[in-house]
Amino acid sequence: MQQKTIAYIGLGSNLSDPKVQVSNAAKEIADITNCRVIALSSLYLSKPMGPQDQDDYINAVVSLETSLSALDLLNALQKIENSAGRVRKDNRWGARILDCDILLYGNKNIDNERLTVPHYGMTVREFVLLPLAEIAPNLSLPDGTSISSLASEINCNGIVKL
Ligand code: ROI
């Protein structure tokens, strides 16, 4: 049997009916071959990180168990982003239809040209830490840092749990 890994995926959208985008993405993740969704957080309404002349975001986190490698999981998530109509251009801090980011992949540290895990920004983003702590209150980063303690210390920036 293939080894199973628990992974956490951050979802975000602020274009084209963001609640629908995030809910559909969660359903599509449940349909990825060799993935079983464990939990989906509540949806959260968050202020944009980055330029403020864009709409608020809807964010959520999904946990899943998978026998896919991290790169195969990334490929499957990028297909979901692309089928939502996401255009890959140089807008790192701009509005987006759908982001599906691998936050954590088991206890692994991954650093290659396509993927950095743990996700580089997750420890300073309330829209990642709060939904993650909701579904995995006892989770830690590979270095042992507790997600719940990061979540309890972060500036919430007016985030609303829907
Ligand atoms: N801001 C919020 N609130 N939520 C996001 O998902 C998000 N994603 C992004 C940037 C542009 C950094 N800002 C965001 O990629």
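Refer to the structure above for everything that follows.
To keep things clear, this report deals only with the structure shown in the data block. Since we're looking at a predicted model, the values are computed, not measured.

1. Section: the side chain of His119
Thinking step 1. You can see His119 is positioned in the loop between strand S7 (116–117) and helix H3 (126–135).
Thinking step 2. In this view, His119 contacts Asp101, Ile102, Leu103 and Arg125; residues no more than four positions away in its chain are not counted.

2. Observations regarding the site of the ligand
Thinking step 1. Taken together, 13 residues form the shell around the ligand, and within it Ser46, Lys47, Met49, Tyr57 and Asn59 come nearest.
Thinking step 2. Taking Ser46, its side chain carries an N or O atom lying 2.8 Å from a nitrogen atom of the ligand.
Thinking step 3. Classifying every residue of the shell around the ligand by side-chain character gives 5 nonpolar, 4 polar and 4 charged.

3. Describing H3
Thinking step 1. Burial within H3 is extensive, with 9 of its 10 residues counted as buried.
Thinking step 2. Residues of H3 that are buried include every one of Glu126, Phe127, Val128, Leu129, Leu130, Pro131, Leu132, Ala133 and Ile135, and no others.
Thinking step 3. Its buried side turned inward, H3 meets strand S1 (5–13), strand S2 (35–40), strand S3 (44–46), strand S4 (57–66), strand S5 (99–105) and helix H4 (147–153).

4. Considerations on the packing of helix H1 (residues 18–30) against helix H2 (residues 70–83)
Thinking step 1. It is the contact of H1 with H2, at a shortest axis distance of 10 Å, that shows an interaxial angle of 140°. Between H1 and H2 lies a crossing whose hand is right-handed. Contacts between H1 and H2 involve Ala25, Glu28 and Ile29 on the former and, on the latter, Leu77, Ile80 and Ser83.

5. Some thoughts on the environment of Gln2
Thinking step 1. Inspection of the secondary structure puts Gln2 in the segment before S1.
Thinking step 2. Gln2 sits 66 residues away from Leu68 along the chain, and the two C-alpha atoms are 8.5 Å apart.

6. Examining the pairing of S4
Two faces, one strand: in a regular strand the side chains alternate between the faces of the sheet.
Thinking step 1. Judged by how many residues are buried, S4 sits mostly within the fold: 9 of 10 residues are covered.
Thinking step 2. When S1 meets S4, the two strands line up antiparallel, connected through 9 bridges. Of the residues in S4, the one forming a bridge with Ala7 is Leu64.
Thinking step 3. Two elements, S2 and S4, share 5 bridges in a ladder whose sense is antiparallel. Bridge pairing in S4 places Ala39 opposite Ser63.
Thinking step 4. With 3 bridges joining them, S3 and S4 adopt antiparallel strand pairing. When the sheet's bridge partners are listed, Tyr44 is paired in S4 with Asn59.

Here is what the cut-offs are and how they apply
Residues numbered from 1 in each chain as written. Predicted model: local features only at pLDDT ≥ 70, side-chain atom pairs only at ≥ 80, totals over all residues. Heavy atoms only, no water. Helix = DSSP H or I, 4+ residues; strand = E, 2+ residues; numbered from the N terminus. Contact = heavy atoms within 4.5 Å. Near = heavy atom within 4 Å. Polar contact = N/O pair within 3.5 Å; in protein donor to acceptor, adjacent residues only side chain to side chain. Nonpolar A, V, L, I, M, F, W, Y, C, P; charged D, E, K, R; others polar. Buried < 20%, exposed > 50% of the residue type's maximum accessible area, 1.4 Å probe, protein only. Axes fitted to C-alpha atoms, helices over the stretch in contact; angles between N-to-C directions. Left-handed = near helix turned anticlockwise from the far one by under 90°. Pairing = 2+ DSSP bridges.

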